[in-house]
Each structure stands twice: as C-alpha cells, then as structure tokens.
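Read off the chains here:
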Amino acid sequence: MKIQHIAQTFLRRLPVVVAGLVIAVTGVATAHAQDDDAGASAAGLPAGTVEGSTLGTFADPSSQGNTVQSARAVLGQGMRELKQSQKLEEKAAGTDDTEKATKWLEKSREANANAIQLLTQALQQNDKLIDGYEALGLAYRREGKYQEAMQVHAVGLGKDPDSLANFRGWSQSMLALDMLGDATTAYAKFAEEDSPYAPILMEELKGWLAAKQADPGEMDPAHIERLEAWIAEHDS
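Here, residues in each chain are numbered from 1, in the same order as that chain's written sequence. Note on the predicted model: pLDDT of at least 70 is required for a residue's local features to be given, and 80 or more for side-chain atom pairs to be given and counted; whole-chain, interface and lining totals, by contrast, use all residues. With hydrogens and water stripped out, all remaining heavy atoms of the structure feed into the side-chain values.

Colleague: If you had to explain the overall build of the chain to someone new, which residues and values would you point to?
Modeller: Within the chain, the secondary structure is distributed over nine helices and two strands. Going from N to C terminus, the chain has its helices and strands arranged as α-β-β-α-α-α-α-α-α-α-α. Sequence separation of at least 24 residues holds for 67% of the intrachain contacts in the chain that already meet a minimum separation of 6. All accessibility values rest on the Shrake-Rupley procedure with a 1.4 Å probe; residue burial counts only the protein chains present in the view. On the chain, roughly 11,900 Å² of surface is accessible, and the fraction owed to carbon and sulfur atoms is 48%. What counts as a helix is a DSSP run of H or I of at least four residues, what counts as a strand is a run of E of at least two, and both are numbered from the N terminus. Throughout, a contact is declared for two residues whenever any of their heavy atoms are within 4.5 Å.

Here is the structure:
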C-alpha cells in the first residue's frame, strides 16, 4: 500500500518541541503536551528538540554540470567507505589485542568520516538518491550524531515516503535521543491511520525498552516504567 503519510515538507515539520511537543505527520500538527487524548502520548515521557537542518540546500545537479552517473559513482565510494568502517569496527571488537583494536577503531572512524563527506557530496550532486539518505543517516548515527541523522532521514522520507529504511533510521535516531514523548505520539497517529510505519516504530520502541531495562544508564527509571506500561496498552 502506498504510504502517503508524509508530505514533501516533512523536514520542516518533523518533529519540533514547542511548549511540550508539537509533531507534524500527514501535514497535520498535533500538539499533545496538554492533550486530553490519553492514547496520543505517554504522559510524563521525555520529549526532545530537533534543531533546524544543518544540511544546507541541496544543489540542482544541472547547475553544476554534474550527471546522475557521477553522483552515483560518488555514492558508491561513500558506501564502500561506510562498509569498510563497519568491517574495521567488527575486527576491533573481535580481538583481544588492545593495540590492534585501537588502530582498527581509528581507521574505522576515518572511514566513517570519509563516508559522510562522500555521501553528502553525492546528495548535493543529485538529491534524488534515496539510498544516499539511508547511508548518510547511518554514518551519522555511527558517530552518535543523532539529530543530524534524523534530519537526513527526514529529507529522504520527504523525497520518498515509501522508504521504510529511512523511517527506521529516523525512528532509531529519535529514540537514541530518548524522545519518548515524540515517539509515542507519532505511533498513535500512525496506528490511527493504519500506516506501515506503526509496527516499525513499535518494534523500535520495544527495542529501546529492552535495552534500557538491561542498562538504564542515566535514564529515570520512572520513564522506563511508563513506557513499559504504554507499550502493554498499545501493542496489539
């Protein structure tokens, strides 16, 4: 079924916290900090604020004489750097040699940084490369830059609302920022519209909950308990 839940203005409208939380989906802004609808959000769960885009304006490929083929070539280079970064990180995790692990992790970080540069360049040359947004968002997430990742995935979704990989990346980035109020409100809206996004977001919420139950870190235990209760109520 064609997903029609996110307009081309997705990036400008998703999600921004103002006096609690305002999240826009399907072109409709839903304020819920004081919402009477108990199903719209998990009361007391933390929300977050996403700053304006740091991506800049994507260039028209024709304005710089760049072809789709050249952008694809740069995209391929960026993806190879990203894969190399992942492989090096896996190698580091699989050795007991501290010196080797340190060297591989450093090379992994360098490859990831190269990937970000190349993928950004490819998208500046051709902003219709949907898999470029998926890869660039992942590269940002690997650096812990979750706001940047959210913005990238949001642009990708604005270009192609059917890109479930970008939606999953957006969801993972939001939850990495502990934006539980935003996530539960978004889920309620998607579930109401029977959107394919709903089960993906619920899966990510469950994953976040399991991880925090195992290692809460600095997260308030009350938030973990509230989300557990919310999932029990809304998971069908």
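Colleague: Summarise the side chain of Arg141; cite the residues concerned and give the values.
Modeller: Among the secondary structure elements, Arg141 is positioned in helix H4 (residues 130-142). Between buried and exposed lies partly exposed: a residue is buried under 20% and exposed over 50% of the maximum accessible area for its type, with that area taken using a 1.4 Å probe on protein chains only. Charged residues are defined here as Lys and Arg on the positive side and Asp and Glu on the negative side; His and the ends of the chain fall outside this count. Only one rule defines a salt bridge in this text: a Lys or Arg side-chain nitrogen within 4 Å of an Asp or Glu carboxyl oxygen. Here Arg141 is buried and forms no salt bridge, its nearest opposite-charge partner Glu204 lying at an N-O distance of 8.1 Å.

Colleague: Go over the packing of aromatic side chains, please, and point to the residues and values.
Modeller: Centres within 6.5 Å are what make two rings of Phe, Tyr or Trp a pair, Trp counting through its six-membered ring; a difference in plane orientation under 30 degrees is then read as stacked, over 60 as edge-to-face, and the rest as tilted. Evaluated as defined, the whole model comprises five aromatic pairs. With centroids separated by 5.5 Å and ring planes inclined at 35 degrees, the aromatic side chains of Phe167 and Trp170 adopt a geometry described as tilted. Of this pair, Phe167 and Trp170 both sit in helix H6 (residues 164-176), separated by three residues, roughly a single helical turn. When its relative accessible area of 1% is taken as the criterion, Phe167 is described as buried. Ring centres of Phe167 and Tyr197 lie 4.0 Å apart, and the angle between their planes is 5 degrees; this geometry places the pair in the stacked category. A residue pair is termed long-range when its members are at least 10 positions apart, and Phe167 in helix H6 and Tyr197 in helix H8 (residues 197-214) qualify at 30 residues. Tyr197 carries the same exposure label as Phe167, and that label is buried. Here a set of aromatic residues connected by ring pairs shows up, and it is made of Phe167, Trp170, Phe190 and Tyr197.

Colleague: How would you explain the packing of H6 against H8 if you had to name every residue and give the values?
Modeller: Note on geometry: axes are lines fitted to C-alpha atoms, helical ones only across the stretch in contact, with angles between N-to-C directions running from 0 to 180 degrees. The contact between H6 and H8 brings their axes to 10 Å, and the two run at 35 degrees. As H6 runs across H8, the sense of the crossing is right-handed. For the pair H6 and H8, contact is made by Leu164, Phe167, Arg168, Ser171, Gln172, Met174 and Leu175 and by Tyr197, Ile200, Leu201, Glu203, Glu204, Leu205 and Trp208, respectively. Throughout this entry, Asp, Glu, Lys and Arg are counted as charged residues, while Ala, Val, Leu, Ile, Met, Phe, Trp, Tyr, Cys and Pro are counted as nonpolar. The remaining residues, Gly among them, count as polar. Taken together, the residues of the contact of H6 with H8 break down into nine nonpolar, two polar and three charged. Take the far helix as your reference; a near helix turned counterclockwise from it by less than a right angle gives a left-handed crossing, and one turned clockwise gives a right-handed crossing.

Colleague: Give me the lowdown on helix H2 (residues 68-93), citing residues and values where you can.
Modeller: For H2, with 26 residues, the first-to-last C-alpha span of 37 Å sits near the 38 Å given by 1.5 Å per residue. For H2, the complete set of buried residues consists of Ala71, Val74, Leu75, Gly78, Leu82, Ser85, Leu88 and Ala92. For H2, the elements touching its buried residues are helix H3 (98-125) and H4. An expected span of 1.5 Å times one less than the residue number is assigned to each helix.

Colleague: Residue-level account of H4, with values.
Modeller: Structurally, the α-helix is built with 3.6 residues per turn, so residues lying three or four positions apart point the same way. The end-to-end C-alpha separation of H4 is 19 Å, in line with the 18 Å expected for 13 residues at 1.5 Å each. Of all the positions in H4, only Ile130, Gly132, Tyr133, Ala135, Leu136, Gly137, Ala139, Tyr140 and Arg141 are classed as buried. Looking at the buried side of H4, the elements it contacts are H2, H3, helix H5 (146-159) and H6.

Colleague: Explain the pattern of salt bridges to me, and be specific about the residues and the numbers.
Modeller: Counted by the stated rule, this structure contains 10 salt bridges. Among the salt bridges present, the one from Glu89 reaches Arg142, with a minimum N-O distance of 2.6 Å. Taken as a pair, Glu89 in helix H2 and Arg142 in helix H4 lie far apart in primary sequence, 53 residues in all. Given the relative accessible area of 35%, Glu89 is considered partly exposed.

Colleague: Tell me about the environment of Trp208, and please be specific about residues and values.
Modeller: Mapped onto the fold, Trp208 is located in helix H8. The buried category is assigned to Trp208, whose relative accessible area is 7%. Each C-alpha atom, one on Trp208 and one on Gln172, is 8.6 Å from the other, the two residues being 36 residues apart in sequence.

Colleague: Account for the nonpolar core, with residues named and values stated.
Modeller: One broad trend across soluble globular proteins is that nonpolar side chains are buried collectively. Core analysis: the largest hydrophobic core is formed by 25 residues, its most contacted members being Phe167, Leu201, Leu205, Trp208 and Leu227. At the level of secondary structure, the elements contributing two or more residues to this core comprise H5, H6, helix H7 (180-192), H8 and helix H9 (221-234). For this core, the leading source of residues is H8, giving eight residues. Counting 20 residues, the second-largest nonpolar core is a separate cluster that includes Leu118, Leu123, Ala139 and Ala149. Among the buried residues, those of types Ala, Val, Leu, Ile, Met, Phe, Trp, Tyr and Cys that are joined through side-chain atoms within 4.5 Å form a nonpolar core.

Colleague: Explain the packing of H6 against H7 to me, and be specific about the residues and the numbers.
Modeller: Look at H6 against H7: their axes get within 8 Å of each other, and the N-to-C directions meet at 145 degrees. Crossing angle aside, the handedness with which H6 passes H7 is left-handed. For the pair formed by H6 and H7, the contact residues are Phe167, Trp170, Met174 and Leu175 on the first element and Leu180, Asp182, Ala183, Ala186 and Phe190 on the second. In the contact of H6 with H7, the residues fall into eight nonpolar, no polar and one charged.

These results come straight from atomic positions and should not be treated as a statement about function.
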